[in-house]
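# Fold and geometry: a report
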Protein chains: 2
Amino acid sequence: MLSTPSPHREQILATATRLFFEQGYTITGVNQIIAESSVARQTFYHHFPSKEALCAAYLDARGADWIEALRRAGNGRRSARGVARGLFGYVEELAIETHFRGCGMLNMASEFADAGSAVRERVRVHKSAQRALMRELFLPFGVDGPLTDQIHVLVEGAIAGAASLLNVEPIHDALKAAEGLLKKAGRDERR
Amino acid sequence: MLSTPSPHREQILATATRLFFEQGYTITGVNQIIAESSVARQTFYHHFPSKEALCAAYLDARGADWIEALRRAGNGRRSARGVARGLFGYVEELAIETHFRGCGMLNMASEFADAGSAVRERVRVHKSAQRALMRELFLPFGVDGPLTDQIHVLVEGAIAGAASLLNVEPIHDALKAAEGLLKKAGRDERR
DNA sequence: ACCTAGATAGACAAGTCTGTCTACGTCTGC
DNA sequence: GCAGACGTAGACAGACTTGTCTATCTAGGT
């Protein structure tokens, strides 16, 4: 069965992850994935019955990785402000590293127009999980749900803004905004 | 010269605008644009020497339209909060109307990985103009630059977030965050 | 009446795309 | 020793891609 993780499958998925993110889905052909994975055509179609199936696997893997990385970036902080700094610091790091390629999930969604498609649904579930992660990270510091949702919007805006403007300014702006909102919330609470 | 606006050119550009936005750039072929524009192949290549040239024209036109629409949505308000409500109200309206298709400029950027490409540069200039527009709209109410930049991030995050989650919640969150930041700024100012 | 510019339809080149197929090799368990 | 699983290499089908080409038609100016 699939209990043993096939190295071929992993290799194909790794190549696809790189190419889908760096180039985009439509523009990346299975021929290129096959060639750069150094596997045979049949091997590819054995593990993934179609390009779209590979896309689904890519979204699942990448989504989980991203959530985990974001959790690590926000964990172990001593304050809500610290969590925010961890999050946006990681976002900045990644933006520079990827040459402002933006969010892999959102980029994929932009290539699937139909809002009812399986891809869009997967992206929706992922972003929903990201939203829940914000709650999880800020909850220990008494930050309420509505505010964590607002910070989530700032994270999304930071990534999208950096990809548009090709620099890290929007990420800094987002962090400042998050700090402002947290400060305000603290002040309101003490009243 | 190009002083007389050719109706054919306009027709092609209108079709491309629709298809590029609804479907995406790579997936939309010139054949489809030609067919749905009801022009001859040669006519297409007469007005646009290549698909990429058409893309550039699309970005220019759509970018200008978007800025203008956003200006109208934020203009004629009596307070900074009113401007924010106008802006996010328009963003919400559009998100629903387009079935959460997101931002046409950002979607296009996501299909051009090379950060140095002409397309990415055009998107960058557009977002820069959008940033300047935020300043212009909020300036009459004494809102300073850094804060308008933060609101701009919220606008970006609202559009991207709505496209991801397939609902308008992120837009409401963004508005709440903007109102919070404006309120906080007003309070700080009075201190 | 004639000439030119612009539009038309459509063939065409040269390449790409996804997915299926055959034919051949190699490794493992029984 | 041999069957079956798994791998490889590569041909192939059929559709699609962008951009160029020819050949015909039509309208306006002189």
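Everything that follows concerns the structure shown earlier in this document.
This section reports on the structure supplied with the text.

Moving on, we come to the interface of chain B and chain A. Counting residues at the interface gives 46 residues for chain B, matched by 46 residues for chain A. Here chain B and chain A share an interface that buries about 3,800 Å² over both sides, 60% of which is from carbon and sulfur atoms. Taken together, the links from chain B to chain A amount to two salt bridges. With its nearest N and O atoms 2.2 Å apart, the salt bridge here joins B:Arg131 to A:Asp173. Inspection of the chain B/chain A interface yields nine residue pairs in polar contact (both at pLDDT 80 or more). Looking at the side of chain B that touches chain A, the elements that each hand over two or more residues are helix 1 (7-23), helix 6 (104-110), helix 7 (118-138), helix 8 (145-165) and helix 9 (169-190) of chain B. A per-class count over the side of chain B that touches chain A returns 18 nonpolar, 11 polar and 17 charged.

The subject of this paragraph is the packing of aromatic side chains. Evaluation of the coordinates by the stated rule reveals 12 aromatic pairs over all chains. For the ring pair B:Phe20 and B:Tyr25, a centre distance of 5.2 Å and an interplane angle of 55° mean the geometry is tilted. Judged on exposure class, the residue B:Phe20 and its partner B:Tyr25 are both buried. Ring geometry for B:Tyr25 against B:Phe112: centres 5.1 Å apart, planes inclined by 50°, an arrangement best described as tilted. Taken together, the residues B:Tyr25 in the loop between helix 1 and helix 2 (30-37) and B:Phe112 in the loop between helix 6 and helix 7 connect sequence positions 87 residues apart. By relative accessible area, which is 12% here, B:Phe112 ends up buried. A cation over a ring is seen here: A:Arg62 above A:Phe21, with NZ or CZ 4.2 Å from the ring centre. Lying over the aromatic face of B:Tyr25, B:Lys51 brings its terminal NZ or CZ to 4.3 Å of the ring centre.

To continue, consider the relation of the copies chain B and chain A. Think of it as a corkscrew move, a rotation about one axis and a shift along it, taking one chain copy to the other. Of the transformation placing chain B onto chain A, the axial shift is 0.0 Å and the rotation is 180°, giving an RMSD of 0.0 Å. On this basis, the relationship between the two copies can be described by a two-fold rotation axis. The rotation axis passes nearest to the C-alpha of B:Gly157 in chain B, at a distance of 1.7 Å. Same-surface contact between copies: 100% of interface residues of chain B are shared with the interface of chain A.

Definitions and limits used
- In every chain, residue numbers begin from 1 and rise along the written sequence.
- Here the convention is simple: chains get letters from A, ligands get numbers from 1, in the order in which they are written.
- Where local features are concerned, this predicted model is filtered to residues with pLDDT of at least 70; where side-chain atom pairs are given and counted, the filter is 80 or more; whole-chain, interface and lining totals use all residues.
- The basis for every side-chain value is the complete set of heavy atoms in the structure, and neither hydrogens nor water enter the calculation.
- Whether two residues are in contact is decided by their heavy atoms: any pair within 4.5 Å suffices.
- What counts as buried area is the accessible surface, traced by a 1.4 Å probe, that two parts surrender upon association, with contributions from both included.
- Definition used for salt bridges: Asp or Glu carboxyl oxygen within 4 Å of a side-chain nitrogen of Lys or Arg.
- We call two N or O atoms a polar contact when they sit within 3.5 Å, provided that within protein one can donate a hydrogen and the other can accept it, with sequence-adjacent residues counted only if both atoms are side-chain atoms.
- By the criteria applied, helices consist of DSSP H or I runs no shorter than four residues and strands consist of E runs no shorter than two, each listed in order from the N terminus.
- Here the term charged refers only to Asp, Glu, Lys and Arg, the term nonpolar to Ala, Val, Leu, Ile, Met, Phe, Trp, Tyr, Cys and Pro, and the term polar to all other amino acids, Gly among them.
- Put simply, two rings from Phe, Tyr or Trp (the six-membered ring, in Trp's case) pair if the centres are within 6.5 Å, and we call them stacked under 30 degrees between planes, edge-to-face over 60, tilted for the rest.
- Accessible area is worked out with a 1.4 Å probe on protein chains only. A residue is then buried under 20% of its type maximum, exposed over 50%, and partly exposed in between.
- Each ring is checked for a lysine NZ or an arginine CZ that lies within 6 Å of its centre and within 35 degrees of its normal; such an atom marks a charge sitting over the ring.
- C-alpha atoms of residues with pLDDT of at least 70 in both copies form the basis for the least-squares superposition of the copies.

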